[in-house]
Amino acid sequence: MMRKSLLAAAATALLCLSLANAEDPYVFYEWKVTYGTLSPLGIPQQVILINGQFPGPRINCTSNNNIVVNVFNQLDEPFLLTWNGIQQRKNSWVDGTPGTMCPILPGSNFTYKFQVKDQIGSYYYFPTTAMHRAAGGVGPISVHSRALIPVPFDTPADDFSVLVGDWYLKGHKALAGLLNGPNPLGLPDGIQINGKSGKVGEKMEPLFTMEAGKTYRYRFCNIGMRTSINVRFQGHAMKVVEIEGSHTVQNVYDSLDVHVGQCLSVLVTANQNPKDYYLVASSRFSKKELMTVGIVRYANGKGPVSLDLPSPPPKSAAGIAWSLNQFRSFRWNLTASAARPNPQGSYHYGDIKITRTIKLINRMANKDGKLVYTVNGVSHVPTATPLKLAEYFGVADKVFKYDIIKDSPDEAEPAKVILQPNVLNATFRNFVEIIFENHEKSIQTWHLDGHSFFAVAIEPGSWTPEKRKNYNLVDAVSRHTIQVYHNSWAAILTTLDNAGMWNLRSEMRERASRGQQLYISVLSPERSLRDEYNIPDNAELCGIVKGLPEPTPYTI
């Protein structure tokens, strides 16, 4: 039976709901993904463009909007986009990871449809296939508040997206080829801001223009491959107002660390002499020091930019302490009237009983002459049949096994590295504690799709249950990405209240591609549209599920 027929009953139920409750507004985009030639580091090279742009077009929307993006893949390789930090409530079908979707094949297209729910803040999208992120295909997502829900600051004069990240001169195909070898990819060659880089003293066009006396919002996202980056304005302070969808206590900073995958918003007031100023982005915790600058110009300003740059944060151990103290200074704004992220209603999350503790230890290893990265001794291997589809069609046992890692792994180095799909089976609506332990010599960043979590602690050393006394159980920021410094641990708390198959990954793209990721299966026992949407009728089927009869659709 065709899928449209199978979904008839569910469609009728949804129609009834739509008649009773008018749908929220739609925002439509049509994107063509192509190769092009640009010079992010001043040297022409192949990049991935969306509608001829890098960074790609901004998704500019309002809370509760329905987003429809028709993506045409004009590359010579399969392609997927994920919406980093957008929770995809009940809709992991379009999360855009290889574990949830079949890729968009060359010469074909796929229409993503999802809703942004109560996520007023700053996000971005990026490709999850191959090493495409190293070549571009990245763009910003800005979710604004509805008119009836005020935000805790005045409307800025303008709203700027700042996508900053490290960059390789090697092409993405060359980098992908190195993944099968015994060595790391090596250090990046530079840093770019919105697809451009600059050196102190050289002539360049401004990245942004401000008018004297006005205040502007800058949305910073680190879209790089592996490098934490510090950002700072020459002569201007930054007031942090939002981190990954949560309004924060409005502290003022001279410089800010933005770790890989993270986004935050600051307000900057043009209160200096009208002229040009540098925006500086420099590497953190990296063996090779990298830096770039861009011009921020005052309209009708006069006078050259000063060559005296603002000082960077300290390095080495002192630098980690500095960055850790900055993390601890970020606090959730509990008095803001705007909607807060999910889990819904958990404003007093410190009073919720933890039902499961999962400890994840990341390490690097060698397996049959190939460098791999592991989580609790397992290096995740992608499958020809997306995990979500295998589970939905009832053939999961032919594709993967659940829970091949332990919740409490041995501290000792695992004797054997396992190369398998890594899927945790989770209980719907459980409140869980996840501990990330980083035993490596470099900083790590972790991201959880489909959920926000409370980032309650980061500390040096190893985690023990006694460390819970150090958790911030009052106003930790609800977010979706957290850094873990080397030889340190981080703790998060979240309610797994979003049914679906969700990717928990290292945001370092090489690490994720070499196995440092897993999926969390959150199944609702009700099989109801209240908990999870049906598979979209335009979803591509691939692997062993292609041609199989489809399960009975969910109903109300």
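Quantities reported herein were computed from a predicted structural model and do not represent experimental measurements. (Residues numbered from 1 in each chain as written. Predicted model: local features only at pLDDT ≥ 70, side-chain atom pairs only at ≥ 80, totals over all residues. Heavy atoms only, no water.)

Some remarks on the overall build of the chain
To be explicit about the condition: The way it works is that DSSP assigns letters per residue, a run of H or I at least four long becomes a helix, a run of E at least two long becomes a strand, and they are numbered from the N terminus. Working definition: with a 1.4 Å probe on protein chains only, accessible area under 20% of the residue-type maximum means buried, over 50% means exposed, and in between means partly exposed. The contact criterion used is simple: two residues touch if any of their non-hydrogen atoms lie within 4.5 Å. All accessible-area figures derive from a Shrake-Rupley calculation using a 1.4 Å probe, and residue coverage is judged against the displayed protein chains alone. In this tally, Lys and Arg are treated as positive and Asp and Glu as negative; His is ignored, and so are the chain termini. Charged groups are reduced to one reference atom each: NZ for lysine, CZ for arginine, CG for aspartic acid, CD for glutamic acid.
Looking only at helices and strands, one finds six helices and 33 strands in the chain. Taking all 556 residues of the chain together, the buried fraction comes to 60%. Long-range contacts, defined here as pairs at least 24 residues apart, represent 79% of the contacts in the chain between residues at least 6 apart. Within the structure as shown, the chain displays about 21900 Å² of accessible surface, and the carbon and sulfur contribution to it stands at 53%. For the chain, the separation between the mean place of its 55 positive charges and that of its 47 negative charges on side chains is 2 Å.

Here we look at a nonpolar patch on the surface
As a reminder of what qualifies: A patch is a set of surface residues, each over 30% in relative accessible area and not in a salt bridge, joined within 9 Å for like charges and within 5 Å for the nonpolar side chains Val, Leu, Ile, Met, Phe, Trp and Tyr. The salt bridge definition used is simple: a Lys or Arg side-chain nitrogen within 4 Å of an Asp or Glu carboxyl oxygen.
There is a patch of nonpolar side chains on the surface, built from Val-200, Met-291 and Leu-307 and spanning about 270 Å² of accessible area. On the secondary structure map, Leu-307 appears in the loop between strand S20 (291-298) and helix H4 (316-329). Judged by relative accessible area, which is 58%, Leu-307 ranks as exposed.

Structural notes on the state of the cysteines
Condition: By definition, disulfides here are pairs of cysteine sulfur atoms that lie within 2.5 Å.
On inspection of all chains with the given rule, the structure shows two disulfides. Between the sulfur atoms of Cys-102 and its disulfide partner Cys-542 the distance amounts to 2.1 Å. Looking down the S-S bond of the Cys-102 and Cys-542 bridge, the torsion is -95°, so its handedness is left-handed. In this pair, Cys-102 sits in the loop between strand S5 (81-84) and strand S6 (109-115) while Cys-542 sits in the segment after strand S33 (517-523), placing the two residues 440 residues apart along the sequence. Judged by relative accessible area, which is 7%, Cys-102 ranks as buried. Overall, the relative accessible area of 16% leaves Cys-542 in the buried class. Numbered by position along the chain, the disulfide-linked cysteines of the chain connect as 1-4, 2-3. The thiol of Cys-61 is not disulfide-bonded; the next cysteine sulfur, from Cys-221, is found 13 Å away. By relative accessible area, which is 2% here, Cys-61 ends up buried.

Describing the environment of Leu-81
When you line up the elements, Leu-81 lands in strand S5. Remark: the alpha-carbon pair of Leu-81 and Ala-134, spanning 53 residues in sequence, is separated by 14 Å. Dropping the residues within four chain positions of it, Leu-81 is found in contact with Trp-31, Ile-50, Val-71, Asp-95, Gly-96, Tyr-112, Tyr-125, Phe-126, Pro-127 and Gly-137.

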